[in-house]
Amino acid sequence: MAVSNLLLLALLCSMFAYCRGACAEPDSDTEAVAGKGFKLGCLSCKRRSEVTGTATVQWYFRGKGEADFYHIYTYNEEGPTIESDNFMDRVDWNGSKRSPDIQDASIYLLNVTFNDSGTYQCFFNRILFYDNYEYSTTVNKVVHLTVVAKATRGTASIVSEVMMYVTIIGLQVWLLIEMIYCYKKISTAGEEALREAANAEYLAIASEGKDNCAGVQVGE
């Protein structure tokens, strides 16, 4: 029994450790509001977290209606470099910090303009270090950004809010039904208790009457 418990504990610990080390790659938001800041998300998780590595990140941009991409930003061990005058003083690093093993290459655009609408490409140039060799790989992520004058609510947000209200109303209806059911159950139980008490009292009276009759007969 003790051995099986230890094995179960080890399995649970390994599962929790794996969950803590898990990495997700959600898509970036794609709608920015003019005059405000906006985070361009770019994540690339390593498939084996125990393997050490380094990565450099490059961002490219192609404006709406333009044919070619041009280099706007670089991040490596030495820090960030803004490569384009169009984005000078308007880009901040918002990704992995204090580690050359970059997995989050998100950047933050300041004071977004309508000219920032277009397609952004994020490139991870990663080197993985194994015992006897190094492996280089490149990962590319694409973000299609639209800049609007005023924030609009997305379909997912509207559906989430509707589902929230439906859930609240459903819970209230369920609670009301439970209350009615419990009330009827308690009422029925009370009536049954009253009937049982009345029957017991009637039987007690009847029994007492029989005893009195028997006593009278014996006296005679």
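Residues numbered from 1 in each chain as written. Predicted model: local features only at pLDDT ≥ 70, side-chain atom pairs only at ≥ 80, totals over all residues. Heavy atoms only, no water.

Digging into the overall build of the chain
1) Next: What the chain contains, in helices and strands, is two helices and nine strands.
2) Next: The linear arrangement of helices and strands in the chain, starting from the amino end, is α-β-β-β-β-β-β-β-β-β-α.
3) Next: The buried share of the chain, taken over its 220 residues, is 24%.
4) Next: Taking contacts inside the chain between residues at least 6 apart in sequence as the whole, the part at least 24 apart equals 55%. (Helix = DSSP H or I, 4+ residues; strand = E, 2+ residues; numbered from the N terminus. Buried < 20%, exposed > 50% of the residue type's maximum accessible area, 1.4 Å probe, protein only. Contact = heavy atoms within 4.5 Å.)

Observations regarding the nonpolar core
1) Next: With 25 residues, the main nonpolar core has Leu 40, Val 57, Trp 59 and Tyr 120 as its most contacted residues.
2) Next: Looking at which element gives the most residues to this core, the answer is strand E3 (residues 52-63), with four residues.
3) Next: Once residues lying within four places of it in the same chain are set aside, the contact partners of Tyr 120 are Leu 40, Trp 59, Tyr 60, Phe 61, Ile 72, Phe 87, Leu 109, Lys 141, Val 142, Val 143 and Leu 145. (Core = buried A, V, L, I, M, F, W, Y, C linked by side-chain atoms within 4.5 Å.)

A short note on the sheet that holds strand E4 (residues 70-76)
1) Next: Here we have six strands laid out as an open sheet, ordered E1-E9-E8-E3-E4-E5, and mixed in their pairing. At either end of the open sheet lies a strand with only one pairing partner, and these are strand E1 (31-33) and strand E5 (79-82). Recorded for the sheet is a direction-independent mean angle of 25° between the axes of neighbouring strands.
2) Next: Relative to E5, E4 is paired through four bridges, and the arrangement is antiparallel. Paired with Asn 76 across the two strands is Gly 79, which belongs to E5. (Pairing = 2+ DSSP bridges. Axes fitted to C-alpha atoms, helices over the stretch in contact; angles between N-to-C directions.)

Some thoughts on the confidence of the model for the chain
1) Next: Here the chain averages 81 in pLDDT, while 78% of its residues score no lower than 70.
2) Next: In the predicted structure, residues 1-21 sits below a pLDDT of 50 and forms zero contacts with residues beyond four places in sequence or in another chain. (pLDDT = per-residue confidence, 0-100.)

What to know about unusual backbone geometry
1) Next: The phi dihedral of Asp 89 is positive, around 65°, even though this residue is not glycine.
2) Next: Locating Asp 89 in the fold gives a position in the loop between E5 and strand E6 (91-93).
3) Next: Of note, Arg 98 is a non-glycine position whose phi angle comes to about 60°, a positive value.
4) Next: By secondary structure assignment, the location of Arg 98 is in the loop between E6 and strand E7 (107-109).

Some thoughts on the packing of aromatic side chains
1) Next: Applying the stated criterion across every chain yields a total of eight aromatic pairs.
2) Next: An angle of 85° between the planes, with centres 5.8 Å apart, marks the rings of Phe 61 and Tyr 70 as edge-to-face.
3) Next: Here Phe 61 falls in the buried class, since its relative accessible area comes to 2%.
4) Next: A relative accessible area of 25% means that Tyr 70 is categorised as partly exposed.
5) Next: With a centroid separation of 6.4 Å and 80° between ring planes, the pair formed by Phe 87 and Tyr 120 is classed as edge-to-face. Linking Phe 87 in the loop between E5 and E6 with Tyr 120 in strand E8 (residues 118-129), this pair joins segments that are 33 residues apart in sequence. Here the two residues Phe 87 and Tyr 120 agree in accessibility, since each one is buried.
6) Next: Taken together, the ring pairs in this structure connect Phe 61, Tyr 70, Phe 87 and Tyr 120 into an aromatic cluster. (Phe/Tyr/Trp six-rings, centres within 6.5 Å; stacked < 30°, edge-to-face > 60°.)

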